Amino acid sequence: MYGACEDGNVTVTPGTLVLAGTPIGDIEDAPPRLAQELATADVIAAEDTRRLRRLTQALGVQPAGRVVSYFEGNESARTPELVEALVGGARVLLVTDAGMPSVSDPGYRLVAAAVEKDVRVTAVPGPSAVLTALALSGLPVDRFCFEGFLPRKAGERLSRLREVAEERRTLVYFEAPHRLGATLAAMAEAFGEHRRAAVCRELTKTYEEVRRGPLGELARWAAEGVRGEITVVVEGAGERPAGELDAAELVRRVRVREEAGERRKEAIAAVAAEAGLPKREVFDAVVAAKNADLAG
């Protein structure tokens, strides 16, 4: 938008960056404002232009503005171009494949750059896989934290999970279907096999499924493979009951199993499952007891 100053110089009013939530499955969940924004934006930055075309066709919208791709591979390079358009007065609409831009999707860099240039940033609220899964999980919703995608490498994934093993809030994760079995197994190891969780698959779509149960049970279910878009909700760590097993009792139970012929690794895993504790906690108790015996 342009204006004139008293000295005759032309000034430019910065435009607006609009983050548009898109349906996570059912196209009928599209917010009414989305069609209007798609039809009137000066520039539409889309994570996948082919999906954008399908979306506009389903909504009966013909975009009047320029359409550009904006995805992980070109996000850094394209951000300056979009910021330049915003500073020049354009209304830029950012849409990703599903849900809200910048939430485990492209968008954060553009928002940060726009804010730095004093460009107005607003949003068209839409469906959220995080909140939908949380609400359907049957787990506490009063306090929760979103952890996004876990690392792909097994060691890094387990390490990240152990960092939040004592987190009291409900945890929400995104995961790829081909990694779900390994991730649930790692969660069972880090949090304990009896920690409650829910695997939410294909939310709002034809084959929507919410599978609830202990992590150990869910890991066995997912071992053979699961399809679709996945969101995992995990119960937070609870208060330790007054009568919960102490370290000495954990060590005693491991030793009983070892004396019965079990290998230490299997004994630790079994005791952890019985007590509803992460394997690491039982392992640490065994190591501490061993060190104390050597010191004595």
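See the structure shown above.
Because the structure is predicted, anything quoted here is derived from the model rather than measured. (Residues numbered from 1 in each chain as written. Predicted model: local features only at pLDDT ≥ 70, side-chain atom pairs only at ≥ 80, totals over all residues. Heavy atoms only, no water.)

S.K.: Report on the overall build of the protein chain, specifying residues and quantitative values.
M.R.: Of the regular secondary structure elements, the protein chain holds eleven helices and twelve strands. The principal-axis extents of the C-alpha atoms in the protein chain amount to approximately 90 × 45 × 35 Å. The average position of the 39 basic charges and that of the 45 acidic charges among the side chains of the protein chain differ by 4 Å. (Helix = DSSP H or I, 4+ residues; strand = E, 2+ residues; numbered from the N terminus. Lys, Arg positive; Asp, Glu negative; His and termini not counted. Charge placed at Lys NZ, Arg CZ, Asp CG, Glu CD.)

S.K.: So what's going on with the packing of aromatic side chains? Which residues, and what values?
M.R.: For the structure shown, the criterion picks out two aromatic pairs. Measuring from centroid to centroid gives 5.0 Å for Phe146 and Phe174, while their planes differ by 65°, and the two rings are edge-to-face. Of this pair, Phe146 sits in strand S8 (residues 144-149) while Phe174 sits in strand S9 (residues 170-175); the two residues are 28 residues apart in sequence, bridging distant segments of the chain. Classification of Phe174 as buried rests on a relative accessible area of 12%. (Phe/Tyr/Trp six-rings, centres within 6.5 Å; stacked < 30°, edge-to-face > 60°. Buried < 20%, exposed > 50% of the residue type's maximum accessible area, 1.4 Å probe, protein only.)

S.K.: An account of the layout of surface pockets is requested, with residue identities and associated values reported.
M.R.: In this approach the atoms are scanned with a rolling probe the size of a water molecule, which exposes any empty space left behind. Of the pockets and cavities examined, the largest pocket occupies roughly 1300 Å³. As for the largest pocket, its lining consists of 44 residues, and the residues nearest its centre are Arg51, Asp97, Ala98, Asp105 and Glu229. Listing elements by their share of the lining of the largest pocket, those giving two or more residues are helix H2 (49-59), helix H5 (129-137), S8, S9 and strand S12 (230-234). Of the residues forming the lining of the largest pocket, the biggest block, five residues, is contributed by H2. When grouped by side-chain class, the residues that make up the lining of the largest pocket number 22 nonpolar, nine polar and 13 charged. (1 Å grid on protein atoms, 1.4 Å probe; cavity = no way out; pocket = protein on both sides within 12 Å on 5 of 7 lines; lining within 4 Å. Points joined across faces, edges and corners; volume = space filled by probe spheres on them. Nonpolar A, V, L, I, M, F, W, Y, C, P; charged D, E, K, R; others polar.)

S.K.: Please set out the nonpolar core residue by residue, giving values where relevant.
M.R.: Side chains of a nonpolar character, in soluble globular proteins, are inclined to be buried together. Counting residues in hydrophobic clusters, the biggest one holds 25 residues, and the most contacted among them are Tyr173, Leu184, Met187, Phe191 and Val234. Top contributing element to this core by residue count: helix H7 (residues 180-191), with seven residues. Those residues in contact with Leu184 that sit more than four places away from it in its chain are Val199, Leu215, Leu218, Ala219, Ala222 and Val232. (Core = buried A, V, L, I, M, F, W, Y, C linked by side-chain atoms within 4.5 Å. Contact = heavy atoms within 4.5 Å.)

By themselves, these are just geometric observations and shouldn't be taken as functional.
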